[in-house]
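# Observations on the three-dimensional arrangement
Listed here are the chains, written in short residue letters.
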Amino acid sequence: MTTATHSLRAVPLTGGPVEIRGALDLERTRAGLLPRRLPAWTRSQYPDVFMDETAALPSGVRLAFRTAARVVELELLTSVWQLAGTSEPLPAGVVDLVVDGRRAGSAPAPPGDVLHKPDLFAEPSRRETGAPGRVRFDGLPGAEKDVELWLPQQTRTELVGLWADAEVLPPRPTGRRRWIHHGSSISHCAAAESPTATWPALAAALAGAELLNLGLGGNAMLDPYVARTIRDLPADLISLKLGINIVNRDAFRLRSFGPAVHGFLDTVRDGHPDVPLLVVSPISCPVVETTPGPTAPDLSAAVPRVVAMGSPADVPGGALTLTVIRAELARIVAARAASGDRNLHYLDGRRLFGPGDVADLPDDLHPNAAGYRRMGRRFAALAFGPRGPFAERRRSGPDTVSPR
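Attention here is on the structure that accompanies the text. All figures in this text were calculated on a predicted structure; none of them were measured in a lab. (Residues numbered from 1 in each chain as written. Predicted model: local features only at pLDDT ≥ 70, side-chain atom pairs only at ≥ 80, totals over all residues. Heavy atoms only, no water.)

### Side note on the overall build of the protein chain
Regarding its fold elements, the protein chain presents eight helices and 22 strands. For 404 residues, the compact-globule estimate of 2.2 N^0.38 gives 22 Å, and the protein chain sits close to it at 21 Å. C-alpha atoms of the protein chain, sized along the principal axes, occupy 70 × 55 × 40 Å. The 404 residues of the protein chain split such that 57% are buried. Within the protein chain, contacts between residues separated by at least 24 positions form 77% of all contacts whose residues are at least 6 apart in sequence. Of the side chains in the protein chain, 46 bear a positive and 43 a negative charge, and the two mean positions are spaced by 5 Å. (Helix = DSSP H or I, 4+ residues; strand = E, 2+ residues; numbered from the N terminus. Rg over C-alpha atoms; globule rule 2.2 N^0.38 Å. Buried < 20%, exposed > 50% of the residue type's maximum accessible area, 1.4 Å probe, protein only. Contact = heavy atoms within 4.5 Å. Lys, Arg positive; Asp, Glu negative; His and termini not counted. Charge placed at Lys NZ, Arg CZ, Asp CG, Glu CD.)

### Considering the packing of helix α4 (residues 224-232) against helix α6 (residues 254-271)
In contact at an axis separation of 7 Å, α4 and α6 are set at 20° when each is read in the N-to-C sense. Comparing the axis directions of α4 and α6 gives the class roughly parallel. Seen along the crossing, α4 lies across α6 with a hand that is right-handed. Contacts from Val226, Ala227, Arg228, Ile230 and Arg231 of α4 reach α6 at Phe264, Thr267, Val268, Asp270 and Gly271. Counted by class, the contact of α4 with α6 contains five nonpolar, two polar and three charged residues. (Axes fitted to C-alpha atoms, helices over the stretch in contact; angles between N-to-C directions. Parallel < 35°, antiparallel > 145°, perpendicular 65-115°, else oblique. Left-handed = near helix turned anticlockwise from the far one by under 90°. Nonpolar A, V, L, I, M, F, W, Y, C, P; charged D, E, K, R; others polar.)

### Quick word on the pattern of salt bridges
All told, the structure shown has 34 salt bridges when counted by the stated rule. A salt bridge links Arg36 to Glu27, with the nearest nitrogen and oxygen atoms 2.9 Å apart. Its salt-bridge partner being Arg373, residue Glu193 comes within 3.0 Å of it at the nearest N-O pair. Separated by 180 residues along the polypeptide, Glu193 in the loop between α2 (185-188) and α3 (199-207) and Arg373 in helix α8 (residues 369-384) bring together distant segments of the chain. Its relative accessible area of 52% is what places Glu193 among the exposed residues. In this structure, a network of salt bridges that share partners links the residues Glu19, Arg21, Arg62, Glu148, Arg176 and Glu210. (Salt bridge = Lys/Arg side-chain N within 4 Å of Asp/Glu carboxyl O.)

### Remarks on the nonpolar core
Trp179, Leu222, Ile230, Phe257 and Phe379 are the most contacted members of the largest nonpolar core, which totals 72 residues. Setting aside anything within four residues of it in sequence, one finds Phe379 in contact with Trp179, Trp199, Ala203, Ser239, Leu278, Val280, Leu347, Leu352, Phe384 and Phe390. Within the second largest apolar cluster, 28 residues are counted, among which are Ala23, Phe65, Phe137 and Leu140. (Core = buried A, V, L, I, M, F, W, Y, C linked by side-chain atoms within 4.5 Å.)

### With respect to the packing of α3 against α8
Where α3 meets α8, the axes come as close as 8 Å, and the angle between the chain directions of the two elements is 45°. Taken together, the axis directions place α3 and α8 in an arrangement best described as oblique. Seen from above, α3 lies across α8 with right-handed handedness. Residues Trp199, Leu202, Ala203, Leu206 and Ala207 of α3 pack against Tyr372, Arg373, Met375, Gly376, Arg377, Phe379, Ala380 and Phe384 of α8.

### Describing the side chain of Ser59
Following the sequence through the fold, Ser59 ends up in the loop between α1 (49-55) and β5 (62-67). At a separation of 3.0 Å, a polar atom in the side chain of Ser59 contacts the main-chain carbonyl oxygen of His188. Among the polar contacts made by the side chain of Ser59, one reaches the side chain of Asn213 at a distance of 3.1 Å. (Polar contact = N/O pair within 3.5 Å; in protein donor to acceptor, adjacent residues only side chain to side chain.)

Rendered as structure tokens:
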């Protein structure tokens, strides 16, 4: 028999025992608290509404606490997008329950507000107002345990309230190494089957690391405010997955891309001169391997796919393809390592998801859930394995992990 809802006790979300991990800002809203994955000071430097919205999508954000409760309820107000020309809003996703480090259940995130958008990058044209809803986990073991509630990675989620049928205490210190990862939508992982099934979350679980996921869909653009954020945070391990959004937006030419990468690395190194730092190049994406961006959706296809709008003839003039970007990132890492940065390393992204995996790119750009699971296992082995740059007792020295 489960405990009745009326016996649950309210738990303060701030100023109490609950840790909100993976968020760097908690914005107070009319409904409650909105976790954001970049500090408050960066908001004045966001270039557009899409960046602002992306920072509020809580990939890797979780509530952590210790309790003997058998029942836990979390009240949320979600906001999902509905793009022009589609008949349904995007799915709200699920909340994952993790008990003592193991996934112990999932529950659908409640429907809330619907934001109608002309396209991905535009301001919402209309809001359908919904109401907060509760996610309930019952039948938990009665012994004291560490609990994490992982928020849906693809959905803006305001925290309204938390309830439990026993005392809630601060979580035990994990003792895990702090890993900051920055990347694009392929690190944000909206298409993963649940928030603990994004590839960074899977890799962190396999390796026993404490993850801060700064995978910002469409926005891994070498932004200085992201570099300064990483610089100023405590970190034991840092990885930067760079390149695909640069091509998607045709944001740089070769002349400006290299200095921008150097500048980003310089800023991170200002705060973390000796931390193992892994630069990861793009995974396989056939449409832009040898054709420059920008990219755009092919709306005439039965299943929306991404197409490249540039011309290979522009590459000699400095237009960027994934082939060019991988070569430039490998060159930059090798040069900096040879100049004294002995804890800077390079991983060819095709080791995570290569030409043999592209059947799991349903839109020709983003992996599906199976692809993300594969990436998580491979990253754990390549980065955290005995010979990887994040190995516990790794000897300092330059490293390059190339395609095989």
